[in-house]
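# Notes for the structure review
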Amino acid sequence: MNSANTEQVTRFRLSDQYQQLKSSFHRHLIQQIEERNLEIDQWDEAKLERFVTEQMRRYVVEQRLPVNLRESEALARDACDELMGFGPIQALIEDDTINDIVVNGPSNVFVERDGKLTIAPVRFLDDNHVIRVIQRILAPIGRRVDESTPMVDARLPDGSRVNAIIPPIALDGPCLSIRKFRKKALTSEDLIRSGSVSEAALNYLQDRVRQRTNLIVVGGTGSGKTTFLNLLSQWIPQGERIVTVEDAAELRLQHGHVVRLETRPPNLDGERAVTARDLVRNALRMRPDRIIVGEVRGDEVLDMLQAMNTGHDGSMTTIHANSTRDAIHRMELLAGFAGYNGSEVTFRGQVASAIHLLVHVARLADGKRRLTSITEVLGLSGNELQMRTVFHYDMEAGVHVDSRDKP
Ligand SMILES: Nc1ncnc2c1ncn2[C@@H]1O[C@H](COP(=O)(O)OP(=O)(O)OP(=O)(O)O)[C@@H](O)[C@H]1O
Ligand SMILES: [Mg+2]
């Protein structure tokens, strides 16, 4: 199909007319399936496609629909996705070049490719249509959204992460966010090739991981923290025992001796939750050499620091913050919420002895994810943490800089 045609079909697919056609054809299909007692669940994709295409052909003729061949093909394709897959976003899910899909109500669907968010040429009929697709995504894992549970955070069998939030909590219609699981994890070579990090910095990090440095990966939302933690963990020598604690198991450790623990949300009565703090405490009793916490975002900050201070050197985690200084402040804030009642200086002293290295990653304006700095914690001087930058990314020059040996 040439680009003019593609554009025309895209415009058509976004029109109200198309949405109405699609929904009346869908109703027609359901009616056919029910009347003829067809067991489409048992069919393979090819058989379903043949059936839908044939029905489409007849429907166009019977109803004298003003559509051309390409448009009717688009309708048939979408009708199949509606019957078997996840409706309008099925094609986006199958597209391996897309890593994130976000739906903000029925008419705003965005995708992220190569770090850039763009609007996707699909839409849902209405709020209920979005909710139906959300339910269909959640059903196989035994979850659902409704008024009593308007927010769901879940992980699909393929490892993808899903968040759904619906009205009345979401004011402009049901929202769905999918972070797809990359089939092949990003390797050191991938990151060097794409300019995310320099080889020198990776070699340095590799040494530090082997030397059992306690480290924290710092970055904003979707900046690549988990990806980096995964990468770092591959250098943990075999033979060490690792316990991981995550809210949704995303880490893929290529390691012979890993125990993976995952938190559990509270049930409908608000009970039986298993928190990250519970799991870090439990992990400490499991004779780990290292503990890896997917992300520190609550009370567990205290237990994690304690673990790092009590012989579990080489432990790692990530924290949501926009700079290394911010990360320290955020840990202080979380510690305060967790009921830490020592002084600020005492807490900083704990941080200074627990954390040896902060690795900052960011998604820059060009959409690229980069390692922007590696900072060593030298200790506490008076009230302030002393830190030293060992690597950084020079934004203006667009180069990775090795700052070791420089005054
Ligand atoms: N260096 C990189 N190059 C290309 N893509 C990357 C890079 N780092 C991460 N990504 C992609 O960016 C997306 C976000 O990465 P990741 O999940 O690691 O971020 P995060 O900071 O942990 O996000 P969150 O804040 O949601 O936990 C993923 O789809 C991942 O595959
Ligand atoms: Mg993450």
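Residues numbered from 1 in each chain as written. Chains lettered and ligands numbered in written order. Predicted model: local features only at pLDDT ≥ 70, side-chain atom pairs only at ≥ 80, totals over all residues. Heavy atoms only, no water.

Going residue by residue along strand E10 (residues 290–293), you find Arg290 and Ile292 tucked away on one face and Ile291 and Val293 tucked away on the opposite face as well. In this structure, strand E8 (residues 242–246) lies alongside E10, joined through four bridges in parallel fashion. Note that in E10 the partner of Ile242 across the bridge is Arg290. Examined bridge by bridge, E10 and strand E11 (residues 316–320) share two bridges and lie parallel to one another. Of the residues in E11, the one forming a bridge with Val293 is Thr317. One crossover worth recording links E10 to the parallel E11 by way of helix H11 (residues 300–309), and it is right-handed. (Buried < 20%, exposed > 50% of the residue type's maximum accessible area, 1.4 Å probe, protein only. Helix = DSSP H or I, 4+ residues; strand = E, 2+ residues; numbered from the N terminus. Pairing = 2+ DSSP bridges. Right-handed = clockwise from strand over helix to strand, strands pointing away.)

As a further point, take the site of ligand 1. Neighbouring ligand 1 are 16 residues; Arg179, Arg182, Lys225, Thr226 and Thr227 lie closest to it. Protein contacts shield 88% of the accessible area of ligand 1, which totals 630 Å² for the unbound molecule. By residue number, the principal contributor to the shell around ligand 1 is helix H9 (residues 225–233), which donates three residues. Of the residues that constitute the shell around ligand 1, the class distribution is two nonpolar, nine polar and five charged. Here the shell around ligand 1 spans two domains, since at least three of its residues come from each of domain 2 (85–183) and domain 3 (188–402). (Near = heavy atom within 4 Å. Areas by Shrake-Rupley, 256 points an atom, 1.4 Å probe, with all protein chains shown as cover. Nonpolar A, V, L, I, M, F, W, Y, C, P; charged D, E, K, R; others polar. Domains from an automatic or database assignment.)

So, on to helix H1 (residues 3–14). The first and last C-alpha atoms of H1 sit 16 Å apart over twelve residues, in line with the 16 Å expected at 1.5 Å per residue. Considered for burial, the residues of H1 that qualify are Asn5, Val9 and Phe12. Projected down its long axis, H1 shows its buried positions confined to an angular sector of 60 degrees, all on one face. Exposed side chains of H1 directed beyond 90 degrees from the buried face belong to Ser3, Ala4, Glu7 and Arg11. On its buried side, H1 packs onto helix H2 (16–35) and helix H4 (69–84). (Expected span 1.5 Å × (residues − 1). Arc of directions from axis to C-beta. Contact = heavy atoms within 4.5 Å.)

A few words on the nonpolar core. Within the largest apolar cluster, 36 residues are counted, with the highest numbers of intra-cluster contacts made by Val301, Leu305, Met331, Val351, Ile355 and Leu358. At the level of secondary structure, the elements contributing two or more residues to this core comprise strand E7 (215–219), E8, helix H10 (276–284), E10, H11, helix H12 (324–337), helix H13 (344–354) and strand E14 (384–394). Counting residues per element, this core draws most heavily on H11, which supplies six residues. Ignoring anything within four residues of it in the chain, the contact list for Val301 reads Val296, Met331, Leu334 and Ala335. Counting 27 residues, the second largest nonpolar core, distinct from the first, contains Val209, Phe228, Ile236 and Leu253. (Core = buried A, V, L, I, M, F, W, Y, C linked by side-chain atoms within 4.5 Å.)

Let us look at the packing of aromatic side chains. Applying the stated rule across the entire model yields five aromatic pairs. Both rings, one in Phe12 and one in Tyr18, keep their centres 5.0 Å apart while their planes meet at 75 degrees; by these two values the pair is edge-to-face. The buried category is assigned to Phe12, whose relative accessible area is 9%. A centroid spacing of 5.3 Å and a plane angle of 80 degrees characterise the contact between Trp43 and Phe51, whose relative ring orientation is edge-to-face. Side by side, Trp43 and Phe51 carry an identical accessibility label, which is buried. (Phe/Tyr/Trp six-rings, centres within 6.5 Å; stacked < 30°, edge-to-face > 60°.)

Most of H11 is tucked away: eight of the ten residues are buried. Among all positions in H11, only Glu300, Val301, Leu302, Asp303, Met304, Leu305, Ala307 and Met308 are buried. Buried-residue contacts for H11 involve E7, H10, E10, E11, H12 and H13. Immediately beyond the C-terminal end of H11, within one or two residues, lies Gly311, with a positive phi of roughly 90 degrees.

A word on the sheet that holds strand E9 (residues 258–262). Ordered in space as E9-E8-E10-E11-E7-E12-E13-E14-E15, the nine strands form an open sheet in which the pairing is mixed. Of all strands in the sheet, those bounded by a partner on one side alone are E9 and strand E15 (399–402). Within the sheet, the average angular offset between the axes of one strand and its neighbour, ignoring direction, is 25 degrees. When strand E12 (residues 357–363) meets strand E13 (residues 369–381), the two strands line up antiparallel, connected through seven bridges. Note that in E13 the partner of Val361 across the bridge is Leu371. Sheet strands in contact with H10 are E8, E9 and E10, and its direction is about 170 degrees off that of E8. (Axes fitted to C-alpha atoms, helices over the stretch in contact; angles between N-to-C directions.)

With that out of the way, let us pick up the UniProt feature "domain: Bacterial type II secretion system protein E" (unreviewed entry) in the protein chain. In the numbering adopted here, UniProt assigns the feature "domain: Bacterial type II secretion system protein E" (unreviewed entry) to residues 84–363. In the segment residues 84–363, helix accounts for 32% and strand for 21%; the C-alpha atoms at its two ends are 36 Å apart. (UniProt positions renumbered as here; feature names shortened; annotations may be inferred.)

As enumerated under the stated definition, the model contains 32 salt bridges in all. Residue Arg193 pairs with Asp190 through a salt bridge whose shortest N-O separation is 3.5 Å. Of this pair, Arg193 and Asp190 are both found in helix H7 (residues 188–193), three residues apart, which corresponds to roughly one turn of the helix. A single salt-bridge network, built from bridges that share partners, covers Arg325, Glu332, Glu344, Arg348 and Glu384. (Salt bridge = Lys/Arg side-chain N within 4 Å of Asp/Glu carboxyl O.)

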